[in-house]
Amino acid sequence: MALAVTTTGPKVVECIGQFAPLAFGIATASSTDLTITIPQFSLVYCALVLSTTTATPGYVATTTGNSFSATVGTGEVCTYIAFGKLRA
């Protein structure tokens, strides 16, 4: 059975102690590019992208400010997790 959700988030997980904030969500790529902006972050430290529709591995190509771009399969529905710095 395929994942029925094609978009959600980004949602930020509550921080406890010294851990970096975590955001997660689901998004559909435009062609082979997936660009995610996390409004709650001022900076993305790193991100992970996983495909939910095929075996095409996705990888994060760039991070800039509160956004990251990943290269994935054409039109892939992807889940993502990003670590970053919350806006003040």
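See the structure above.
Let me begin by describing the structure that accompanies this report. (Residues numbered from 1 in each chain as written. Predicted model: local features only at pLDDT ≥ 70, side-chain atom pairs only at ≥ 80, totals over all residues. Heavy atoms only, no water.)

**A closer look at the packing of aromatic side chains**
Okay, so step 1: Going through the model one piece at a time under the given rule, you end up with 1 aromatic pair.
Okay, so step 2: Plain terms: the ring middles of Phe68 and Tyr80 are 5.8 Å apart, the flat faces sit at 65° to each other, and that makes the pair edge-to-face. Linking Phe68 in strand S6 (residues 67–71) with Tyr80 in strand S7 (residues 77–86), this pair joins segments that are 12 residues apart in sequence. The pair Phe68 / Tyr80 is uniform in exposure class, with both members buried. (Phe/Tyr/Trp six-rings, centres within 6.5 Å; stacked < 30°, edge-to-face > 60°. Helix = DSSP H or I, 4+ residues; strand = E, 2+ residues; numbered from the N terminus. Buried < 20%, exposed > 50% of the residue type's maximum accessible area, 1.4 Å probe, protein only.)

**What to know about the side chain of Asn66**
Okay, so step 1: Here Asn66 shows up in the loop between strand S5 (59–64) and S6.
Okay, so step 2: Given a relative accessible area of 15%, Asn66 falls into the buried group.
Okay, so step 3: Within the structure, Asn66 has its side chain in polar contact with the backbone oxygen of Phe41 (distance 3.5 Å). (Polar contact = N/O pair within 3.5 Å; in protein donor to acceptor, adjacent residues only side chain to side chain.)

**As for the sheet that holds S5**
Okay, so step 1: Taken in spatial order, the 3 strands make up an open sheet running S3-S6-S5, and their pairing is antiparallel. Each edge of the open sheet carries a strand with a single partner, namely strand S3 (33–37) and S5. Sheet twist, expressed as the average angle between the axes of neighbouring strands with direction ignored, equals 20°.
Okay, so step 2: Bridge count for S5 against S6 is 5 bridges, and the pairing is antiparallel. Opposite Tyr59, over in S6, you have Thr71 as the bridge partner. (Pairing = 2+ DSSP bridges. Axes fitted to C-alpha atoms, helices over the stretch in contact; angles between N-to-C directions.)

**So, the sheet that holds strand S2 (residues 22–28)**
Okay, so step 1: Across the sheet, which stays open at both edges, the 4 strands sit in the order S1-S2-S7-S4 with antiparallel pairing between neighbours. Each end of this open sheet is capped by a strand with a single partner; those strands are strand S1 (8–13) and strand S4 (41–51). Between one strand and the next, the sheet's axes are offset by a mean angle of 20°, whatever the strand orientation.
Okay, so step 2: Taken together, the 4 bridges between S1 and S2 define a ladder with antiparallel strand orientation. Of the residues in S2, the one forming a bridge with Lys11 is Phe24.

**Section: the nonpolar core**
Okay, so step 1: Counting residues in hydrophobic clusters, the biggest one holds 16 residues, and the most contacted among them are Leu34, Ile36, Ile38, Val49, Phe68, Val72 and Ala82.
Okay, so step 2: Of all the secondary structure elements, the ones that give two or more residues to this core are S2, S3, S4, S6 and S7.
Okay, so step 3: When residues in this core are grouped by element, the largest group, 4 residues, is from S4.
Okay, so step 4: Setting aside chain neighbours within four positions, we find Ile38 in contact with Pro10, Ala23, Val44, Asn66, Phe68 and Ala82. (Core = buried A, V, L, I, M, F, W, Y, C linked by side-chain atoms within 4.5 Å. Contact = heavy atoms within 4.5 Å.)

**Here's the deal with the side chain of Ser69**
Okay, so step 1: Secondary-structure assignment places Ser69 in strand S6.
Okay, so step 2: By relative accessible area, which is 17% here, Ser69 ends up buried.
Okay, so step 3: Polar contacts involving the side chain of Ser69 include one to the side chain of Thr35, which spans 3.2 Å.
Okay, so step 4: Setting aside residues no more than four positions away along its own chain, Ser69 makes contact with Asp33, Leu34, Thr35, Tyr59, Val60, Ala61 and Thr62.

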